[in-house]
Each structure stands twice: as C-alpha cells, then as structure tokens.
Amino acid sequence: MAVSLSRPSGSRTGPEFESLVRDGTDIDLEELYSVLANRRRRLVIHELQRRGETVELGSLAERLAAWEAEKPQAEVTAAERKAMYTALQQRHLPRMDRARLVRFDDRAAMVEPTNHLLELDVYTEVVGERDFPWSQYYLGLSALGCGLLLVCVGGIPPLARLPPLAPAAFTLTAFAVSSVVHLYATREMKLGASERPPELPERPG
C-alpha cells in the first residue's frame, strides 16, 4: 500500500516544498509521512476528514475497531473497543497531536481535526498480490511506445509499412485513456472521500 500526498489548498507556492504550514507553524514532511505510515492513523484521518468535526474518542475507537474486525459497528465487542480505545489514547492520537494534525483532549476524551488535517489531501494506492502500481504501468506503456517506434523506424516487418507517427499516435492515445482511468481511480483512493476507507477490502455482497 502506497501513500501519496498532494499540496493542501492555501499552501505556499513553488515547485517543491519541504514543510507544510498551519497558522504560521512549519510541519516537517518527514514527520507527516511517519504519521501516515501507520494504518490506524490513516483510518483516523479518513474518519475525521469524512466527518469534519470533533469526535468523541469512544465513538472513534468503536468505528475503527469495526473496520479492523470487518464487522458492523453494532457487533464490536467490549474487548475490541477497549483495545482500540487504549491504542488510540496512549499511542496514536498523542503522536498526531504532536504532528498538529489533531487536537486531542485526553481528559475530555475528544478529538478535534485541525485545519491542516482537513485541508490535507492524502491518497492511498492499494496494490494486490497480482497487481502492479500505476508507476510501473506507465513505465511499461512508455517502453511499449518506444519499442513500437523503433520497430517502425527500423523497417522491421510487419510494422515497417506504418508511418512513423502511428506509434506516437497510439502511445499518446493510450496515455490519454490511461490518465482518465487513473484520475477516476485516484479519486476513489482519497482518504475521507467515501464512507469506507479505500484500503479496506470491499464487503461481499
């Protein structure tokens, strides 16, 4: 599972950026990616972005426990809820609070998303055992286009009769169609964009 990060709205311009800014405070990207590397923290981000409001810790823990157990929220056991509650309270939420993604009130057991988290665009790329990521797909498509061009220009039958522009036209068309499909797939992989986190398997039926 790969995670990609896009520039949040209102961030400073430039070809590259090494930190994200919220309320004049720099947030180190290395720290941010470290937060995103954990699946439970990604699930927290998904739920908070989806709801866009302060959430009670118990409700959040029950929600995440249901996702991890692949069961309806009403069927989450007290032990599952408690285990998730403890993990969020002692490990994950304090870490996200230090990264300025949430404001965690341990005493009140409330979690508030910061503006920085709400503006953050995080995409996940879920790759199955028999699948390959888009980066490899585009690399293969580029190699195919170059191969067709070399065969055509080199006079190797049966493509020798094709005009040199034919491989280029094929490659450009293939990239255009692939880009549209990739754009749609990427939107489906955005955290907070749907009811169910994109990296969880679809429920049968």
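### Here we look at helix α3 (residues 57-69)
Over its 13 residues, α3 runs 18 Å from end to end, which matches the ideal 18 Å to within 8%, given 1.5 Å per residue. Three or more residues of α3 are buried, namely Leu57, Gly58, Leu60, Ala61, Arg63, Leu64, Ala65, Ala66 and Trp67. In the core, the buried residues of α3 are packed alongside α2 (39-51), β4 (55-56), α4 (78-98), β5 (102-105) and β6 (110-113). Where α3 starts, the residue carrying a side-chain oxygen 2.9 Å from the main-chain nitrogen of Gly58 turns out to be Glu56. Looking at the residues trailing α3, positive phi occurs at Glu70, about 55°.

### Here we look at the pairing of β6
Side chains Val111 and Pro113 project from β6 onto a buried face, and the interleaved Met110 and Glu112 project onto a face without burial. Bridge count between β4 and β6: 2 bridges; the pairing is antiparallel. Looking across to β6, one finds that Glu56 is bridged to Met110. Sheet topology note: the β5/β6 ladder contains 4 bridges and is antiparallel. By the bridge assignment, Phe104 is partnered in β6 with Val111. Hairpin connection between β5 and β6: a loop of 4 residues separates the two successive antiparallel strands, and Ala109 in this loop has a positive phi of roughly 55°.

### Points about the sheet that holds β4
Taken together, 3 strands build an open sheet; the order of strands is β4-β6-β5 and the sheet is antiparallel. At either margin of the open sheet sits one strand with a lone partner, and together these are β4 and β5. Against the sheet, α4 touches β5 and β6, its axis set at about 135° to β5.

### Things to note about the nonpolar core
With 32 residues, the main nonpolar core has Leu88 and Leu101 as its most contacted residues. Looking at this core, the elements with two or more residues in it are α1 (29-36), α2, α3, α4 and β5. Ranked by residue count, the leading element in this core is α3, at 7 residues. Once residues lying within four places of it in the same chain are set aside, the contact partners of Leu88 are Val44, Leu57, Leu60, Ala61, Leu64, Leu93 and Pro94.

Here is what the cut-offs are and how they apply
Residues numbered from 1 in each chain as written. Predicted model: local features only at pLDDT ≥ 70, side-chain atom pairs only at ≥ 80, totals over all residues. Heavy atoms only, no water. Helix = DSSP H or I, 4+ residues; strand = E, 2+ residues; numbered from the N terminus. Expected span 1.5 Å × (residues − 1). Buried < 20%, exposed > 50% of the residue type's maximum accessible area, 1.4 Å probe, protein only. Contact = heavy atoms within 4.5 Å. Polar contact = N/O pair within 3.5 Å; in protein donor to acceptor, adjacent residues only side chain to side chain. Pairing = 2+ DSSP bridges. Axes fitted to C-alpha atoms, helices over the stretch in contact; angles between N-to-C directions. Core = buried A, V, L, I, M, F, W, Y, C linked by side-chain atoms within 4.5 Å.

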